[in-house]
Amino acid sequence: MTSDLKPGLRHLQTVRVDGTLTVPAMTPAFAGFGDMPPVFATAFMVGFIEWACIEALRPFLRSHERTVGTHVDVSHVAATPVGMTVTADVELVAVEGRKLRFKVSCSDENGLIGEGFHERAVVDHDKFMARVLAKSGQTGSLPQ
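Now for a quick tour of the structure.

Criteria and thresholds
Residues numbered from 1 in each chain as written. Predicted model: local features only at pLDDT ≥ 70, side-chain atom pairs only at ≥ 80, totals over all residues. Heavy atoms only, no water. Helix = DSSP H or I, 4+ residues; strand = E, 2+ residues; numbered from the N terminus. Buried < 20%, exposed > 50% of the residue type's maximum accessible area, 1.4 Å probe, protein only. Contact = heavy atoms within 4.5 Å. Core = buried A, V, L, I, M, F, W, Y, C linked by side-chain atoms within 4.5 Å. Patch = residues over 30% accessible without salt bridge, like charges linked within 9 Å, V, L, I, M, F, W, Y side chains within 5 Å. Areas by Shrake-Rupley, 256 points an atom, 1.4 Å probe, with all protein chains shown as cover. Salt bridge = Lys/Arg side-chain N within 4 Å of Asp/Glu carboxyl O. Phe/Tyr/Trp six-rings, centres within 6.5 Å; stacked < 30°, edge-to-face > 60°.

1. With respect to the side chain of Ser105
Item 1. With respect to the helices, strands and loops of the structure, Ser105 is situated in strand E4 (residues 99-108).
Item 2. Look at Ser105 and you get buried, because its relative accessible area is 19%.
Item 3. Filtering out sequence-adjacent residues up to four positions away, Ser105 remains in contact with Thr87, Ala88, Asp89, Leu112, Gly114 and Glu115.

Structural data, given as structure tokens:
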């Protein structure tokens, strides 16, 4: 990562909620969600927060580096129906070596829907994938 990555970095990202981002859309992986309300899923909100952090960090990473999520501590306090837009606001609040801590919030057109903290770690992509492949017992070329 570049030396100019410092606390205070902020990034906004938006996503329009459609049927693929609702709680029932989780059903192919987890059958118990099928009869739940069709609102923005907490799992997708967490993924959206991670994506916003990834995009915030992208300009500061070297070509062989990626970040991986290591901790999520967020509340989901309000439902967002299909058709509304959600905005993630992420702010880097701490850099400790390769450990990065973000203050995060998500809002829709009516206000706050979730907030908390998210941590990521900077990793060397090839070394990380080599450990993953070793753990799974696979060998061969690494996917990009």
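2. A word on the nonpolar core
Item 1. Within the largest apolar cluster, 26 residues are counted, with the highest numbers of intra-cluster contacts made by Leu5, Phe40, Val86, Leu100, Phe102 and Cys106.
Item 2. Listed by contribution, the elements that provide at least two residues to this core are helix H1 (42-57), strand E3 (85-96), E4 and strand E5 (111-124).
Item 3. Looking at which element gives the most residues to this core, the answer is H1, with seven residues.
Item 4. Setting aside chain neighbours within four positions, we find Phe102 in contact with Cys53, Leu57, Val90, Glu91, Leu92, Val93, Gly116, Phe117, His118 and Arg120.

3. Observations regarding the environment of Trp51
Item 1. For Trp51, the location among the structural elements is in helix H1.
Item 2. Taking C-alpha positions, Trp51 is 21 Å from Val132, a pair spaced 81 residues apart along the chain.

4. Some remarks on a nonpolar patch on the surface
Item 1. Where nonpolar side chains cluster on the molecular surface, the patch consists of Phe30, Phe33 and Met36 and spans about 280 Å² of accessible area.
Item 2. Take Met36: its relative accessible area is 39%, and that puts it in the partly exposed class.

5. Points about the packing of aromatic side chains
Item 1. One pass over the full model with this rule turns up two aromatic pairs.
Item 2. Look at Phe30 and Phe33: their rings are 6.2 Å apart centre to centre, the planes differ by 75°, and that puts the pair in the edge-to-face class.
Item 3. With a relative accessible area of 48%, Phe30 lands in the partly exposed category.
Item 4. Residue Phe33 is classed as partly exposed on the basis of its relative accessible area of 31%.

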